[in-house]
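This is what each chain is made of:
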Amino acid sequence: MIKRIGSAIILFLFVGLTIILIKACDDRFTESSTNINRLSSASECRIVQHTMGETCVPKNPERVATIFHGTLGNTLALGVKPIASSVVDMQNPFPAYLKDKVKGIEILGSQNEPNLEKILMFKPDLILVWQNIQAIYPLLSQISPTAIVPWRGPAAWREHFEFVTKALRKEAEAQQAWKHYYQRIDELKLALGSRYQNKEISVVVPSIHWGFFIQAKNSFAGSILNDLKLPRPKLQDVNTSSGYVTFTSEEELGMIDGDIIFVLTSKNDEREAFEKILQKPLGKRLKAVQRGHIYFVDTLAWIGSNLLAADVVIDDLFKYLINAP
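Quick caveat: nothing in here was measured; it's all calculated off a predicted structure. (Residues numbered from 1 in each chain as written. Predicted model: local features only at pLDDT ≥ 70, side-chain atom pairs only at ≥ 80, totals over all residues. Heavy atoms only, no water.)

A short note on the pattern of salt bridges
As enumerated under the stated definition, the model contains 9 salt bridges in all. The shortest N-O distance in the salt bridge between aspartate 227 and arginine 158 comes to 2.8 Å. Of this pair, aspartate 227 sits in helix H7 (residues 220–227) while arginine 158 sits in helix H5 (residues 157–168); the two residues are 69 residues apart in sequence, bridging distant segments of the chain. Note that lysine 280 and glutamate 250 form a salt bridge whose closest N and O atoms lie 3.2 Å from each other. With lysine 280 in the loop between helix H8 (268–278) and helix H9 (281–284) and glutamate 250 in the loop between strand E10 (244–247) and strand E11 (260–265), this residue pair connects regions lying 30 residues apart in the sequence. Assessed through its relative accessible area of 39%, lysine 280 is described here as partly exposed. Residues joined in a network through salt bridges with shared partners are Arg184, Asp311 and Asp315. (Salt bridge = Lys/Arg side-chain N within 4 Å of Asp/Glu carboxyl O. Helix = DSSP H or I, 4+ residues; strand = E, 2+ residues; numbered from the N terminus. Buried < 20%, exposed > 50% of the residue type's maximum accessible area, 1.4 Å probe, protein only.)

Laid out in structure tokens, this is it:
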């Protein structure tokens, strides 16, 4: 009998503690929700349409949180430094090309599974979330005003930038960013002259686990090469829904053939594995291998899908197409 009473007391205490914790969390979300409601007047916020409906966001957000590396790059390109952001890889949180711009930005976990408690703790006044995790929008929108940034793959990177521009009301900054981009494109065109008009440029991402991802004409890197009017191999001079073409067998290695091949890698083991492939008979047949025109570049910059990453791609093109021996 005593044991039963003791068990009942323990159960009662456990249930009571659980209710208190749930109530505390609910109060925190309610408080955030109340803060959002305070912004609902037209004088304090404005409506932003997105894939989950519409959100009333602050007219001049000062504490922005971003969930997606492309969105982070776009906010920085617009002169807005988020207080916190999710990352691609927890081991190497931010892309190397952003290292000078991300100091002080807090980490919110993976961009596929952001840490809601951390987001709540940092009290953002606007959360920009990529479309791939819109399922948690109801939770995020209870923390702070949240807008779902459309992401239809690298082929739509300009659309992504346009949405971020409107969400942050940075049209003038966006205009300057585009002006800088096209100035650099024109400078590189002038430097290139006609020397590459008959040279095909191939771009590939080798993956140890997934095969080979050839960057199509409408990929991020492909669109920059297209702006420069640089020729691509026939199999790469196409638009695809994803912005790339894949193959898994080394027997299809000829698909990446070109006079110049840019190889996108971010890890030493990926580079070493691909270099071994190039030493095999099929690899040695590639024109770029025979002529010594294989160039390894940073994956996260060449698929970065924002104007800061575009600057790095243009730097690499200057380095290898103009300044290389």
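A closer look at the sheet that holds E11
What the 5 strands build is an open sheet, ordered E10-E9-E8-E11-E12; its pairing is mixed. Only two strands of the sheet have a single partner each, and these edge strands are E10 and strand E12 (294–298). Across the sheet, the mean angle from the axis of one strand to that of its neighbour is 30 degrees, orientation sign disregarded. Contacting strand E8 (201–207), strand E9 (211–215), E11 and E12, H8 runs over the sheet at an angle of about 165 degrees to E12. (Pairing = 2+ DSSP bridges. Axes fitted to C-alpha atoms, helices over the stretch in contact; angles between N-to-C directions. Contact = heavy atoms within 4.5 Å.)

Details of the environment of histidine 50
Mapped onto the secondary structure, histidine 50 falls in strand E1 (residues 45–50). Residue histidine 50 is classed as buried on the basis of its relative accessible area of 11%. In this structure the C-alpha to C-alpha distance between histidine 50 and glutamine 131, which are 81 residues apart in sequence, comes to 9.7 Å. If sequence neighbours within four positions are ignored, histidine 50 has contacts with Thr55, Tyr137, Thr146, Ala147, Ile148 and Phe163.

Quick notes on the packing of aromatic side chains
Under the defined criterion, the tally for this structure stands at 16 aromatic pairs. Centre to centre, the rings of phenylalanine 213 and tyrosine 244 are 5.2 Å apart; their planes meet at 75 degrees, and the pair counts as edge-to-face. With a gap of 31 residues between them, phenylalanine 213 in strand E9 and tyrosine 244 in strand E10 connect regions that are remote in the sequence. A centroid spacing of 5.7 Å and a plane angle of 45 degrees characterise the contact between phenylalanine 262 and tyrosine 295, whose relative ring orientation is tilted. Of the two residues, phenylalanine 262 is situated in strand E11 and tyrosine 295 in strand E12; the sequence distance between them amounts to 33 residues. Owing to a relative accessible area of 12%, tyrosine 295 belongs among the buried residues under this scheme. (Phe/Tyr/Trp six-rings, centres within 6.5 Å; stacked < 30°, edge-to-face > 60°.)

Considerations on the environment of isoleucine 314
With respect to the element layout, isoleucine 314 can be found in helix H12 (residues 307–323). When the C-alpha positions of isoleucine 314 and arginine 184 are compared, they lie 7.5 Å apart, and in sequence the two are 130 residues distant. Discounting chain neighbours no more than four positions away, the residues touching isoleucine 314 are Tyr181, Arg184, Ile185, Leu188 and Ile224.

Thoughts on the nonpolar core
With 56 residues, the main nonpolar core has Leu128, Ile224, Phe262, Trp302, Leu307, Leu317 and Leu321 as its most contacted residues. No other element matches the 10 residues that H12 contributes to this core. Membership of the second largest hydrophobic core comes to 18 residues, among which are Phe68, Ile83, Ala84 and Ile133. (Core = buried A, V, L, I, M, F, W, Y, C linked by side-chain atoms within 4.5 Å.)

A word on the confidence of the model for the protein chain
Overall, the predicted model of the protein chain reaches an average pLDDT of 86, with 86% of residues at or above 70. Overall, residues 1–42 carries pLDDT values under 50, and its contacts beyond four positions in sequence, including any with other chains, amount to 23 contacts. (pLDDT = per-residue confidence, 0-100.)

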